Each structure stands twice: as structure tokens, then as C-alpha cells.
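# Structural overview
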Amino acid sequence: MAASSFEWPWEYNFPPFFTLQPNLDTREKQLQSWCSLILSYQKHIKSHTLDVVEMQTSSLFYNKSIERKLSLESIYLILDRLEKKGHIEWLDKSKKQCYLMWRTPQEWGNTIYKWAKEAGLVNTVCTFYELTDGDDTAGQEFHGLEPDLLVKALKVLESQGKAEIIEMDESRGVKFF
Amino acid sequence: MRRRGIGMGAIKNKNLAQARFKDKGSELAEDQLNQMSKQLDVFRTHLEDFAAKHKDDIRKDPQFRKHFQEMCATIGVDPLASGKGFWAEMLGVGDFYYELGVQIVEVCLATSHRNGGLMDLEELRQKLLSTRGKRKQEISIDDLMRAIKKLKVLGNGFTVIPVGGRYLVQSVPGELSMDHTAVLQLAEDTGYVSMSMIRDRLKWGEERSHRAVDYMLKEGLAWVDDQAPQEKHFWFPALFSNLDQE
């Protein structure tokens, strides 16, 4: 469905892209390309979770038209790298499913903080609902953001002293500094 | 005695005559030189006239530019020999190629992460045309070759390698031997080579084939594909991107 209109990078049709490259420089380029491909693909299908076993046979890791698929070992190598960059959190110890953020909480935090400052909301309290579903944020990239991810992003801001999460009855809000 | 006297005179006369001949000789040479420089002046004026008249053509029309370059080459003039001087001032021909050179370097650097610094000349031309965009000045393969030749003064970074029907630009230092070029040539149609292809078509032994392919893997020019049906394939991004477009 949505995947059909996704614009694959040139590498996707390049058969050796699906073989882990022995040359370390080339491998580095390859892994980087895979990282950005995974993120943009997930963004395109608007997915926040990734099931490794399930994804093995999805068109992301299996290009049917050239009959090439990425090995499980390579998939894990790429996911580990994404984890180091803060894009992934494993949901189980056996690493079967992960929470995937095509933008890191840090990046989301920056986007939200920038918006709050521009909208003159410093020193005011906003509810979480206002941030993700309010009329004021319509058209913002973080409009409709998953609650979990929102909390992660705001926690980053909190640790930087740019915001404070406030527990209110029934709902939660955030105060920007 | 008398005879001896005559003899002395004769020698003197001979010396005198030789001196006169010499004078006359240098006079003639001077004349010729004058004439030559006059002719050169005339030639120069004509060339200047020609250049001024066709300045726009030279800048805009790659075909014309090529003919102009060829004409200059036949009479032993290299309009690109110096950035300053008459040519650059009159035509901006020098500037044209230097500018192009800089843009070539930019494009090659920007794409080297994907092709290991080996790029199809036609692909390079397409990329340049799209980046130059606005001015819409047509550039030809011939222009690119000349500009790349000029880049040689910066060291051995840029080389044009003929591979069958096309040209590849190599923008990373590192010599490609005849063997490597032969492998590239073999891969021209498909984008890849395999050990059996090399054995059957180039008639090389195991070791020679491996040495050539290993080097190209090491330089980042080739990628391995383990999932091909029978044996490993070695792909070249520089050749693949072109297949992609066709």
C-alpha cells in the first residue's frame, strides 16, 4: 500500500547492497545508507515499532525484483548502530522487537522547544494534549506524536533544564523555560 | 715575390668579401625577422578579430569550441596554456575550463562516497548540466576531457580511462593498471564481473584475476554480491548507476 509509493534509494536495486561488504570503508558507507533507508522507510509507513522476524521478509530487507535479501546478522549490525545513535530502544531482552524513532527524542525535544519559544509559550504550562492534538500545533511536525515519544522528548528537555513535566489531575503538562 | 704579393691581396679581398657576405647575411636575416614579426602581428590581429567576433560562439557552442581548439592545436597555440594573457582576456576561454574544472572536482567529491571515485563521464556531464542549470551553457564530452586534462597540474588526482565505448573519470589517487581497466571493460555491459567471466573472456589464471579484483575491492571501486546464483559477483557502482538510467 503506502510502501508502493516509497522512493527507494539507488542502492536498493544494487545487488551487493544486500551483502555485508568485506572492505571496511565500503561497509561503513553501506551501513550508513542502510540506517537512513530504515529510518526513512519507517517514517514513510508511519511505523514506530519494528519486529525483526517480521521485517526480514518485508520489502525493506527483501528486494524481490532482484532476489536479494539482507541476512539476519547484517540486520542486527545495522539496528545496533541505530541504537547507538539513539534511534532505537529494544522492547525485549531477546531483541526481537524494538521501538524505532526516525527522529531521536533529542531531535524532537529541540523541535518542540523551538516551537514553544517562537509561540511565546516560555513560562507557561501546556498540556500534553495541547502539544500533540491542539489546534495551535496543527501543521507542526510533532502534531500527532506518540505519547511515549513525547514523554521521552520532554524528559530530554527536562534534563537540559529547558522544561519541567508537571503532573496535573487527570492529565500531564509541561512548562517551558 | 709578385705572386706572393697578389696572394696577400687575394686573402685580404677574400676576408673582405666574407665580412660583406656576413653583413649582408645578417641584414637579410633581420629583414626576414622583421617580416616574420609583421606577419605575426597580422596573424595576431586576425586571430583577435576572429576571437572577438566569435567570442559568444566559443562560449556557447561546444561544437564550435572544439573546432576552435583543434585549429589552435594545428598552429601550435594552446589557448589554455595560461590563465592570464591574451586568450583569457579576449575570450574567457581559460576561465571557462578552469570553472568547469572546479565544478568537476566538486561533483566527483560529492559522489565519491557511492562510486569510490570512479564515475562515468556521461553521468558526470549530466550532473554538471543540472548543477549549472540557470546559465544553460551546453558542455560537451570534449570540454570535460580538456578541463580534466588541465586538472593534471594539481597532481595525479584526475584521470580519464577509456573503457570500451565510454569513458570513466577516476578522481582518487591510485593507479589503475591495464588489468583493472580490462576488468572494468568486461563489466561494461552488465555492471559486474565474476571469476568465471574473467577466466573465460580474459583467459587469466586464478591468481591474476584475484589480484585485480581484490585491489578494486580494497579501493572501494567494487562491491561483492554473495547472493548471485552460482558464484560471487563483483559490482561497480560507477557502471551500475548508468545502467540504472538507461
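Residues numbered from 1 in each chain as written. Chains lettered and ligands numbered in written order. Predicted model: local features only at pLDDT ≥ 70, side-chain atom pairs only at ≥ 80, totals over all residues. Heavy atoms only, no water.

### Things to note about the environment of Lys 232 of chain B
All names here are of chain B. Within the secondary structure, Lys 232 is located in the loop between strand S5 (223-225) and strand S6 (233-235). What makes Lys 232 partly exposed here is its relative accessible area of 47%. Expressed as a C-alpha distance, the spacing of Lys 232 and Ser 196, which sit 36 residues apart in the sequence, is 9.6 Å. Apart from the residues within four sequence positions on either side, Lys 232 is in contact with Val 193, Ser 194, Val 224, Asp 225 and Asp 226. (Helix = DSSP H or I, 4+ residues; strand = E, 2+ residues; numbered from the N terminus. Buried < 20%, exposed > 50% of the residue type's maximum accessible area, 1.4 Å probe, protein only. Contact = heavy atoms within 4.5 Å.)

### Digging into the pattern of salt bridges
Residue and element names in this part refer to chain B. Tallied over the entire structure, the rule returns 13 salt bridges over all chains. In this structure, Glu 27 and Lys 24 form a salt bridge, with 3.4 Å as the shortest nitrogen-oxygen distance. One end of the pair is Glu 27 and the other is Lys 24, both in helix H1 (residues 2-60) and 3 residues apart, which spans about a single turn. Taken together, the shared-partner salt bridges in this structure form one network comprising Asp 120, Arg 166 and Glu 188. (Salt bridge = Lys/Arg side-chain N within 4 Å of Asp/Glu carboxyl O.)

### What about the sheet that holds S5 of chain B?
Either a parallel or an antiparallel arrangement is found when strands of a sheet pair, and the pairing is made through backbone hydrogen bonds. All names here are of chain B. Pairing within the open sheet is antiparallel, and its 3 strands lie in the order S4-S6-S5. Edge strands, defined here as strands with exactly one partner in the open sheet, are strand S4 (192-193) and S5. Pairing analysis gives 3 bridges linking S5 to S6, with the strands arranged antiparallel. Bridging across to S6, Val 224 finds its partner in Phe 234. (Pairing = 2+ DSSP bridges.)

### Details of the sheet that holds strand S6 (residues 125-127) of chain A
Residues and elements named next belong to chain A. Taken together, the 3 strands give an open sheet; going across it, the order is S6-S8-S7, and neighbouring strands pair in antiparallel fashion. A strand with exactly one partner marks an edge of an open sheet, and here the two such strands are S6 and strand S7 (163-167). Going from strand to strand, the sheet's axes swing by 30 degrees on average, the running direction of each strand aside. Pairing analysis gives 5 bridges linking S7 to strand S8 (residues 172-176), with the strands arranged antiparallel. Each bridged residue has a counterpart across the sheet, and for Ala 163 the counterpart in S8 is Phe 176. (Axes fitted to C-alpha atoms, helices over the stretch in contact; angles between N-to-C directions.)

### Some thoughts on the interface of chain B and chain A
Counting residues at the interface gives 18 residues for chain B, matched by 17 residues for chain A. When chain B packs against chain A, the two sides together hide about 1600 Å² of surface, and 62% of this comes from carbon and sulfur. Contact with chain A buries area across many residues of chain B, yet Trp 223, Gln 227 and Phe 240 of chain B alone supply 44% of it, more than any other trio. Viewed at the interface, chain A and chain B are joined by 1 salt bridge. Among the salt bridges present, the one from Asp 225 of chain B reaches Arg 68 of chain A, with a minimum N-O distance of 2.8 Å. Linking chain B with chain A are 7 residue pairs in polar contact (both at pLDDT 80 or more), by the criterion used here. Partitioning the side of chain B that touches chain A into residue classes produces 8 nonpolar, 4 polar and 6 charged. (Buried area = accessible area lost by both parts, 1.4 Å probe. Polar contact = N/O pair within 3.5 Å; in protein donor to acceptor, adjacent residues only side chain to side chain. Nonpolar A, V, L, I, M, F, W, Y, C, P; charged D, E, K, R; others polar.)

### Here's the deal with the side chain of Asn 63 of chain A
Residue and element names in this part refer to chain A. Here Asn 63 shows up in strand S2 (residues 62-63). You can call Asn 63 buried: its relative accessible area is 3%. Within polar-contact distance, the side chain of Asn 63 engages the backbone oxygen of Tyr 12 at 2.8 Å. Every residue in contact with Asn 63, bar those within four places of it in the chain, is listed here: Tyr 12, Asn 13, Phe 18 and Arg 68.

### With respect to the side chain of Asp 143 of chain B
All names here are of chain B. Among the structural elements, Asp 143 can be located in helix H6 (residues 141-151). Under the relative-accessibility criterion, Asp 143 is labelled buried at 0%. Setting aside anything within four residues of it in sequence, one finds Asp 143 in contact with Pro 62, Arg 65, Phe 96, Tyr 97, Leu 100 and Glu 138.

### Details of helix H8 (residues 195-202) of chain B
Residue and element names in this part refer to chain B. Among all positions in H8, only Met 195, Ser 196, Met 197 and Ile 198 are buried. Lining the buried residues of H8 we find helix H7 (178-186), S4, helix H9 (206-218) and S6. In the stretch just after H8, Lys 203 is the one whose phi turns positive, near 60 degrees.

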